[in-house]
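Coordinate inspection notes
Here is how the chains run, residue by residue.
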Amino acid sequence: MPEFRYEAKELSGRQVSGLLTASSEKDALAALSARSLFPTRITPSEDLTKSSGSGARRVPSRYLTIFYNQLADLLRSGVPLLRSLQLLEEQTSHAVMRVVVQDVREQVADGSRLFEAMRRHPKIFNFLSISMVRAGEEGGFLEDVLSRISAFNEHQEELRGRVTGAMVYPLFLMTVGMAIVTVMMIWFVPEFASIFDRMKDQGTLPWATTTLLALSDGLQSYGLLILVGLIAVISGVVSFSRSPEGIRKIDHWKLRIPGLGGILQNLAVARFCRMLGTLLRNGVPILQSLRIARDASGNVILSEAIGHAADNVSSGQSLAAPLRASGQFSRDLIEMIAVGEEANNLEDVLINVADNLEKRTGRRIDMVVRLLEPLMLLVMASVVTFVIAALLLPVMNMSSNA
């Protein structure tokens, strides 16, 4: 049975806190009331978080895809949500996922919405999925949303598999190549230093050899310090990326990366357009749809632009005008939204825009993946060629002068 950490006040006004075992948060409130305590805060304890799988352990994406797909099929077949979650709990083979589904089912049984129950497990269900489920519950099309999440996860897995498959061979070669180069720089290149001393004193040593010897000396003298510095920098970047300001900065940089930024922006805009179009098609008012769909983009910068657009729409303006003013959306997209508003078929236009963006972006991703392998091989070949040339040039010069 899960534990809850509580803070409460006694009748005398004294503040108390502790742990309480209860089947749900509702039962925990009842137990505290029976003790004449007035709770001010109740949160699941860390043990619950760890046992529910939202601590250090994660669930592989394929199990989440199966969960979304099967839940959509059950709901579409008329099976109630609570019964559907119970069936999935019994059928799930992954231990962590089973515990998570059990907790979600218990929360729904206690009266929580599905997205509220999922929100208790942020490391299992990402922010986008929770936002989409919330939109589905608000608009009464939960089955369609779950199918969309399942299809999106499958697309992500397919893309990840293509990228991984294309990168395995060049990454293997690059790892082996860099290991060989590092060994040469630390143990092999210094042996040539004494041979090149006379040429260095005469000032006839090629610049490539001078650079190589300097890099070799640096690795020998400061190699451990460089490694510690890299670990510290990586740790700092990871810590910064988890802060609100860090998330905003990184999302801003993502949109500015040459080549890749356009792909990431198109994917985020496509998710927003599809979610907004689906909400409007199911009769959700545009203001409510904008506030829900803004989270579907998965990018803080775009979400802020959409939030400002929602504020302007509430004051009577069109949607296209504030989106154009944000500078985060392409001109052709703004024109299509403006036409959709004038023709009163904005939902159809948005879904068509999402389809076209996803197709166009998919082709660009395939092209980038195909270019990665030769690009990485070219980088590795350039490094190895530089090392070999730096060592052979002085030898060739000495042979020609002999």
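Right, let's walk through the structure included here. (Residues numbered from 1 in each chain as written. Predicted model: local features only at pLDDT ≥ 70, side-chain atom pairs only at ≥ 80, totals over all residues. Heavy atoms only, no water.)

Right, let's get into the environment of tyrosine 6. Its location among the elements puts tyrosine 6 in strand S1 (residues 3-9). On a C-alpha basis, the gap between tyrosine 6 and isoleucine 234 in space is 36 Å, while along the polypeptide they are 228 residues apart. (Helix = DSSP H or I, 4+ residues; strand = E, 2+ residues; numbered from the N terminus.)

Our focus in this paragraph is the packing of helix H14 (residues 286-293) against helix H15 (residues 300-314). Relative to each other, H14 and H15 sit at 170 degrees, their axes nearing to 9 Å. The pairing of H14 with H15 is recorded here as roughly antiparallel in orientation. Residue-level contacts link Ile286, Leu287 and Leu290 of H14 to Ile306, Ala310, Val313 and Ser314 of H15. The class makeup of the residues in the contact of H14 with H15 is six nonpolar, one polar and no charged. (Axes fitted to C-alpha atoms, helices over the stretch in contact; angles between N-to-C directions. Parallel < 35°, antiparallel > 145°, perpendicular 65-115°, else oblique. Contact = heavy atoms within 4.5 Å. Nonpolar A, V, L, I, M, F, W, Y, C, P; charged D, E, K, R; others polar.)

With that settled, the discussion passes to the nonpolar core. Note that soluble globular proteins tend to have their nonpolar side chains buried in a common cluster. Counting 69 residues, the largest nonpolar core has Phe67, Leu114, Phe125, Leu319 and Phe329 as its most contacted members. The greatest single-element share of this core, amounting to nine residues, is contributed by helix H13 (residues 260-281). Beyond its immediate chain neighbours, meaning those up to four positions away, phenylalanine 67 contacts Leu85, Leu88, Met97, Val101 and Phe125. Listed in part, the 13 residues of the second largest apolar core include Val181, Met199, Leu213 and Val387. (Core = buried A, V, L, I, M, F, W, Y, C linked by side-chain atoms within 4.5 Å. Buried < 20%, exposed > 50% of the residue type's maximum accessible area, 1.4 Å probe, protein only.)

A separate point is the environment of arginine 76. Locating arginine 76 in the fold gives a position in helix H3 (residues 61-76). Sequence separation between arginine 76 and aspartate 144 is 68 residues; the distance between their C-alpha atoms is 8.7 Å.

Taken as a whole and assessed by the stated rule, the structure comprises five aromatic pairs. Note on phenylalanine 67 and phenylalanine 125: the rings are 6.0 Å apart at their centroids and 45 degrees apart in plane angle, and the pair reads as tilted. With phenylalanine 67 in helix H3 and phenylalanine 125 in the loop between helix H6 (114-118) and helix H7 (127-139), the pair connects residues that are 58 residues apart, well separated along the chain. We classify phenylalanine 67 as buried; its relative accessible area is 5%. With centroids separated by 6.2 Å and ring planes inclined at 50 degrees, the aromatic side chains of phenylalanine 272 and phenylalanine 329 adopt a geometry described as tilted. Here phenylalanine 329 lies in the loop between helix H16 (320-326) and helix H17 (331-343) and phenylalanine 272 lies in helix H13, a separation of 57 residues in the sequence. Both residues of the pair, phenylalanine 272 and phenylalanine 329, belong to the buried class. Of the aromatic side chains, those joined through ring pairs into one cluster are Phe67, Tyr68 and Phe125. (Phe/Tyr/Trp six-rings, centres within 6.5 Å; stacked < 30°, edge-to-face > 60°.)

Attention now goes to H13. Compared with an ideal rise of 1.5 Å per residue, which puts 22 residues at 32 Å, H13 spans 32 Å between its outermost C-alpha atoms and is within 8% of the ideal. At the C-terminal side of H13, glycine 283 shows a positive phi close to 85 degrees. (Expected span 1.5 Å × (residues − 1).)

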